[in-house]
Amino acid sequence: MTGDNNERMLFATALARRGGEVGLQYFRQLDTLTIESKGHQDLVSEADRNVETFIRQELATQYPEDGVIGEEHAALAGGSGYTWLIDPIDGTANFLRGIPAWTVVIACVKEGVTVVGVIHEPSTGETFYGRRGGGAFLNDRPINTSPTTSLTQGSVGTGFSNRREARAVAKLIDLLLQEGGVFFRNASGALMLAYVASGRLLAYVEEHMNAWDCLAGMLLVEEAGGLVIPPDPKTVLEEGTLVIAGGRGVFDKVHALCKEAFSL
């Protein structure tokens, strides 16, 4: 299985980069895009849909027996036990406003457990990737979570879910500031998780994330030496999960702040 997962990781890494090139073509001509609203602060364009279509087609050719779940198109069941998760453009609000902080995200899950994760940021050419038991990497260089034990020595990424009350995030930020920490948000949860894995952020928290947004990044944090609240493999693909991820030195403190803010 390890060899198979390594092959899937290499394939997914190359595919995310190719998908990023498709996304960049749209990013360079934003004024031509048709944009729709899926809900409050939730936008989509043909760029999202077409990048996902491209990735799905490549997966179907290489792994025809695998299932596929994407943000923009219907789920496809498979018979191999493997399921691919696709977020074609995580950070669509950034993308559509010309802000170069968006990613192509691909994860592969085996019976509910993430085995491969890739987060590619086309605007910078940075690709974060890894497989379970194989470590985490940024453009072929091993990465690690921050070793600090103090919230005063860096920033904690925060996300906001429309499925939860905004006051909980506001309370978390207040508690974090009281501890001498600072918060960071760039509107791409996947990218912020990649930043945790690479030690750029101390931790990342979001009260609810969909599987295609978070599973790749959570795996990378674990493989980079950090800790996460494990998602339930029986429900995460359909229902999403709470995300608390961080370096080992601050994880317990961040977890405690989340318990208070989110009434866990």
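Read on for a plain summary of the structure. This structure is a prediction, so every number in the text was calculated from the model and none was measured. (Residues numbered from 1 in each chain as written. Predicted model: local features only at pLDDT ≥ 70, side-chain atom pairs only at ≥ 80, totals over all residues. Heavy atoms only, no water.)

On to the sheet that holds strand β5 (residues 103–110). Sheet architecture is open: seven strands sit in the order β3-β4-β5-β6-β7-β8-β9, paired in mixed fashion. The sheet is open, and its two borders are formed by β3 (67–70) and β9 (141–142), each paired with just one other strand. Helix α2 (residues 46–62) contacts β3, β4 (82–90) and β5 of the sheet and is inclined by roughly 150° relative to β4. The strands touched by helix α6 (residues 211–223) within the sheet are β3, β4, β5, β6 (113–121), β7 (126–131) and β8 (136–138), with β6 carrying the most contacts at an inclination of about 100°. (Pairing = 2+ DSSP bridges. Helix = DSSP H or I, 4+ residues; strand = E, 2+ residues; numbered from the N terminus. Contact = heavy atoms within 4.5 Å. Axes fitted to C-alpha atoms, helices over the stretch in contact; angles between N-to-C directions.)

This part takes up α6. The terminal C-alpha atoms of α6 lie 18 Å apart, and with 13 residues this matches the ideal 18 Å at 1.5 Å per residue to within 8%. Most of α6 is tucked away: twelve of the 13 residues are buried. What α6 keeps buried is the set Ala211, Trp212, Asp213, Cys214, Leu215, Ala216, Gly217, Met218, Leu219, Leu220, Val221 and Glu223. (Expected span 1.5 Å × (residues − 1). Buried < 20%, exposed > 50% of the residue type's maximum accessible area, 1.4 Å probe, protein only.)

Attention now goes to the sheet that holds strand β14 (residues 241–246). Two modes of strand pairing occur in sheets, parallel and antiparallel, and in both the strands are linked by backbone hydrogen bonds. In spatial order, the strands read β11-β10-β12-β14-β13; together these five strands make up an open sheet with mixed pairing. Edge positions in the open sheet fall to β11 (182–184) and β13 (227–228), since each of these has one partner strand only. With five bridges joining them, strand β12 (residues 203–209) and β14 adopt antiparallel strand pairing. Paired with methionine 209 across the bridge in β14 is threonine 241. Contacting β10 (155–158), β11 and β12, helix α4 (residues 166–178) runs over the sheet at an angle of about 135° to β11.

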